[in-house]
Amino acid sequence: MRAYDRIRLLLCDTKNIIATYNSNHTLGVLGYEMRDSKISSYLKLNKKYSDKRLVAAAKIINVHFAHNFHLENFDTMKSQLLAQLVSFVNLGFRAWEEAVDEESKENGDEDEGDEDEGDEDEGD
């Protein structure tokens, strides 16, 4: 197993939801620049939020639900529990997107492919 794979596993074990929840959500700096985008995202997320439950939620949503999440799988759930799930999903997605957007801005990725530099404030 390569060093990057070990660090990724430490920061976000994707084996299952419990493993992801039990991953490290406090380590925010390694002491050197990471060239691995997933590791950088995990570190930024860990550093950005003091509420580690939010960090865990963001990682769980990103890893286990972002690509295969179908709300109809939860149609037998009680409405109050379903509302809590939707809230959890929303918080996790927002936290993940903020960390990734912040990383993109730091790396200068936001301007790639843009013809007009005056459109930076669009959507705010």
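Data block above holds the structure.
Reading the values: the criteria
Residues numbered from 1 in each chain as written. Predicted model: local features only at pLDDT ≥ 70, side-chain atom pairs only at ≥ 80, totals over all residues. Heavy atoms only, no water. Axes fitted to C-alpha atoms, helices over the stretch in contact; angles between N-to-C directions. Helix = DSSP H or I, 4+ residues; strand = E, 2+ residues; numbered from the N terminus. Parallel < 35°, antiparallel > 145°, perpendicular 65-115°, else oblique. Contact = heavy atoms within 4.5 Å. Nonpolar A, V, L, I, M, F, W, Y, C, P; charged D, E, K, R; others polar. Expected span 1.5 Å × (residues − 1). Buried < 20%, exposed > 50% of the residue type's maximum accessible area, 1.4 Å probe, protein only. Polar contact = N/O pair within 3.5 Å; in protein donor to acceptor, adjacent residues only side chain to side chain.

Caption draft 1: Quick look at the packing of helix H3 (residues 37-48) against helix H4 (residues 52-65). Orientation of H3 relative to H4, taken along the N-to-C sense of each, is 150°, at an axis distance of 9 Å. As judged from the angle between their axes, H3 and H4 are roughly antiparallel. Contacts from Lys 38, Tyr 42, Leu 45 and Asn 46 in H3 reach Lys 52, Val 55, Ala 58, Lys 59, Asn 62 and Val 63 in H4. Class assignment of the residues belonging to the contact of H3 with H4 gives a composition of 5 nonpolar, 2 polar and 3 charged.

Caption draft 2: Region of interest: H4. A rise of 1.5 Å per residue sets the reference length of H4, with its 14 residues, at 20 Å; its end C-alpha atoms lie 19 Å apart and thus fit the reference within 8%. Burial within H4 is extensive, with 10 of its 14 residues counted as buried. Buried residues of H4: Leu 54, Val 55, Ala 56, Ala 57, Ala 58, Lys 59, Ile 60, Ile 61, Asn 62 and Phe 65, and no others. Two or three places before Arg 53, at the start of H4, stands the capping residue Asp 51, its side-chain oxygen 3.0 Å from that residue's backbone nitrogen.

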